[in-house]
Amino acid sequence: MTADVPAVKVVGLHKSFGSLEVLRGIDLEVRRGEVLCVIGPSGSGKSTLLRCINFLEEPTRGMVYVNGEPIGFREGPDGSRVRDSAARLNAMRQRIGIVFQAYNLWPHRTALGNVIEALLVVRKLPRERAIEIGRRQLARVGLAEKADQYPSRLSGGQQQRVAIARALAMEPEIMLFDEVTSALDPELVGEVLKVMRQLAADGMTMVVVTHEMGFAREVADRVVFMDGGVIVEEGPPDEVLGNPRHDRTRRFLARVLAKGDDGSSVRG
Amino acid sequence: MTLDRELLAEIWPLFVRASVTTAWISALSMAIGLVLGLLTALARLSPWRPLRLVARGYVELIRGTPLLVQVYFLYAAAPYYHLTLPPIVSGVTSLSLYVGAYASEILRAGITAVHKGQIEAARSLGMSYWQTLRRVTIPIMAALVTPALTNEFTGVLKWSSILSLITVPELTYRAYQVIAESYAPIEALVLSGLMYWALTDIVAWGGRVVERRVTRHLSP
Amino acid sequence: MLPGFDPGIVVESLPVLVRGALVTLQVSALGILLAGVLAVPVAFARLSASRAVRGLAFLYVDAVRGTPLLVQLYAVFYLPPLVGIDLTPLESAVLALGLNGAAYTAEILRGGIVALPKGQVESARSLGMTQWQAVRRIVLPQVVGNVLPALTNEAASLLKGSSLISVLAIIELTRAGHQLVGRILRPLEVYFAVALLYLLVNAAIFWASHRLERRLVAYR
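Along each chain, residue indices are assigned from 1 in the same order as the chain's sequence is written. Each chain takes a letter, starting from A, and each ligand takes a number, starting from 1, following the order in which they are written. This being a predicted model, a pLDDT of at least 70 is required before a residue's local features are given, and a value of 80 or more before pairs of side-chain atoms are given or counted; all residues contribute to the totals for chains, interfaces and linings. Hydrogens and water molecules were not included; the side-chain quantities draw on all heavy atoms of the structure.

Engineer: Please clarify how the packing of helix α7 (residues 171–182) of chain B against helix α3 (residues 69–78) of chain C should be interpreted in this entry.
Structural biologist: In helix packing, the relevant descriptors are the interaxial angle and the interaxial distance, both defined with respect to the helix axes. With axes taken as lines fitted to C-alpha atoms, and helix axes fitted only over the stretch in contact, angles between N-to-C directions fall between 0 and 180 degrees. Put simply, DSSP H or I for four residues or longer makes a helix, DSSP E for two residues or longer makes a strand, and each gets a number counted from the N terminus. It is at 10 Å that the axes of α7(B) and α3(C) come closest, and there the two elements cross at 15°. Judged by the angle between their axes, α7(B) and α3(C) are roughly parallel. Crossing geometry of α7(B) relative to α3(C) is assigned as left-handed. In this structure, α7(B) uses B:Thr172, B:Tyr176 and B:Ile179 to contact α3(C), whose residues at the interface are C:Leu70, C:Val71, C:Tyr74 and C:Tyr78. Lys, Arg, Asp and Glu make up the charged group, whereas Ala, Val, Leu, Ile, Met, Phe, Trp, Tyr, Cys and Pro make up the nonpolar group; the residues left over, Gly among them, are polar. Looking at side-chain class alone, the contact of α7(B) with α3(C) contains six nonpolar, one polar and no charged residues. Just so you know how the angles are binned, under 35 degrees is roughly parallel, over 145 roughly antiparallel, 65 to 115 roughly perpendicular, and the rest oblique. Crossing handedness follows the turn of the near helix against the far one: under a right angle anticlockwise gives a left-handed crossing, and clockwise gives a right-handed one. When checking whether two residues touch, look at their non-hydrogen atoms; a contact exists if any pair is within 4.5 Å.

Shown next, in the form of structure tokens:
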């Protein structure tokens, strides 16, 4: 694997749900170590794009490559798409962590139990080794002392940090964040962003779908603005957020800033 | 395994008559059971402790033992008390007592779900206990308990098959007769099975119709 | 006490009845086990993406729930020999109870699975778990905890349903009681003892379920 192979490469991606076309031809590359923020109005297809990257959604057309390898499909000898084996898909997914808006912690497992579950059943690590990794990851998100608590005892921000630790425990090469602060009370957003900022500083490749413009401006290497299932504009955050070229981008930013549902400059 | 058409033609009318028996036995037991269930539910909510205990004992005894044991008991024990009941009377009595216990639990849950303030409002306007029950509590309750009671009714249709074991000539009794006399288990079981299936589906459908009516006020 | 009730006869009849109760216990336990094992694939088949699989599973569930257990018992007892499968009465009994319980249990599980947030499975899959690993480690533990009260009722209902296997000439608790009454002509005492034993096993099931529930849903 050479350094110039992109961590994620999306080629001609289309996704329809029934007659509704959510993604209409996305081409995108994410370099290794890059933090890419995806912004745009709801319904623009941001989350679907993210979910296609680790094949939680199956693209209708087009391909996604992770570290140069196609995910979910193989290329047949004639260049056509063939569904890949479940085993290979699961192996690829281990290299891509995803954190969801709704945390999706498993309520019947403690914080530590959530983090070590996949280590035990997917990685098949011995229990002591999994616990060791689990505790380290919980410490990394500042929750070492909450290891034995069940999710129902944790705040939203703490639950989301556990979810991040759970994804990190698999030592992914890429982390996907799907509006991870949108479900949180405003006062809890900061602690989650802090963990993500640290992760970016550690050199993690990240694709972040977010409404937190302050975070995007500060942490992103590149910002992508999506609307209506296509990428309208992309570039360095200062350009896209500070001096957008497209009307649609300008209108979106004006609306977001006016509504104040940005607010990250205060929290960030 | 093929069906004997001649035999089917022969037993068909018998089975239709038997399923009519099954239907009315079930409907009657359900009706008696509902009244019994309502009284038991009210007794269990009574402020008078002995009444509560008796009601509770009845419910626990019925729910904790098989219907077959109850049916056998009433049928076998009655003659010792100089009370000779025809099988069908004995059977319907057992079935009604059985339904009463289960229905009382459903109705009790329904009654307790009716808001206390709604009852107080009725009483404050001068309605009597029974008026309140009939005009306020039961209508509100009906919406809550209809699905469970429908389920109970389909249950009665199936449980009534047990009365075949004390020679009540209902559907399962006829099926067993054909098995024993003609040794034609496929025809007997397929035919009776389909008839039960039809009966339970009719009741389930009827329940949905009633449910739509009694929940009209809940739909936007 | 009741007129003509002799507690001594209750005590005397216990040894015979306890032997019957052990058979009841054994057959019910095996039936419940079989029902649980079969219910999981049926529940998932009901949720399958394939129309044919969904349809088939629905047909099975609806047929079982639409017909009496007694008819199903006859079917499992009389039909397999026609295609050359010979089952002992005990095997027929366990099979019938298992097939019956599986249909009801599958519906309970399906309800629990549908109620579970979709993200639970998604997060498991995103970490590389297989579908089966996600089901076994994430879905089922939660669903079983959530629907345990309904499952317990189902187990209790199978225990009572097992009284019907007496028609296959298996001497379980109900038949043991029935025979004893025929011999000593004391229905009141014998059925009192039979009821007592059923209530005992029933109570044991609910007690075990409570203990299990405390462990399964400790996370709440």
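Engineer: Which parts of the structure should I look at to understand the interface of chain C and chain A?
Structural biologist: Reports often express the size of an interface as the amount of accessible area lost when the parts come together. At the junction of the two partners, chain C supplies 20 residues and chain A supplies 27 residues. For any pair of parts, buried area is found by adding up, for both, the accessible area (1.4 Å probe) each one loses once the two are put together. In total, chain C and chain A occlude about 2100 Å² of area from one another, counting both sides; carbon and sulfur atoms represent 57% of this. Sorting the residues of chain C by area buried against chain A places C:Leu127, C:Arg137 and C:Tyr219 first, and these three jointly supply 32% of that buried surface. By definition, a salt bridge exists where a carboxyl oxygen of Asp or Glu is found within 4 Å of a side-chain nitrogen of Lys or Arg. Across the contact surface, chain C and chain A share two salt bridges. Between C:Glu122 and A:Arg51 there is a salt bridge, with the nearest N and O atoms lying 2.4 Å from each other. The definition of a polar contact used here is a pair of N or O atoms within 3.5 Å, where within protein one atom must be able to donate a hydrogen and the other to accept one, and adjacent residues in sequence count solely through side-chain atom pairs. Linking chain C with chain A are twelve residue pairs in polar contact (both at pLDDT 80 or more). Elements with a contribution of two residues or more to the side of chain C that touches chain A: α5 (119–126) and α6 (131–161) of chain C. Per-element accounting of the side of chain C that touches chain A gives the leading share, seven residues, to α5(C).

Engineer: When you look at unusual backbone geometry in this model, what are you seeing that I'm missing?
Structural biologist: Peptide bonds are mostly trans, and most non-glycine residues show a negative phi. Residues and elements named next belong to chain B. One non-glycine residue with positive phi stands out, namely threonine 167, at about 65°. Within the secondary structure, threonine 167 is located in the loop between α6 (129–159) and α7. Here threonine 167 falls in the partly exposed class, since its relative accessible area comes to 42%. With a phi close to 40°, tyrosine 183 is a non-glycine residue in the positive phi region. Tracing the backbone through its elements, the reader meets tyrosine 183 in the loop between α7 and α8 (185–214). We call a residue buried when its accessible area falls under 20% of the maximum for its residue type, exposed when it is over 50%, and partly exposed in between, using a 1.4 Å probe and counting protein chains only.

Engineer: For this particular structure, what's the right way to read the nonpolar core?
Structural biologist: Note on soluble globular proteins: their nonpolar side chains tend to be buried together. Residues belong to one nonpolar core when they are buried, are Ala, Val, Leu, Ile, Met, Phe, Trp, Tyr or Cys, and are joined through side-chain atoms within 4.5 Å. Residues B:Phe15, C:Leu17 and C:Val194 are the most contacted members of the largest nonpolar core, which totals 80 residues. Looking at this core element by element, the count peaks at ten residues for helix α4 (residues 87–113) of chain B. Look past the residues within four positions of B:Phe15 in its chain and what remains in contact with it is B:Leu171, B:Arg174, B:Ala175, B:Val178, B:Ala188, B:Leu191, B:Ser192 and B:Met195. Counting residues in each nonpolar core, the second largest holds 64 residues, with A:Ala130, A:Ala163, A:Ala167 and A:Leu241 among its members.

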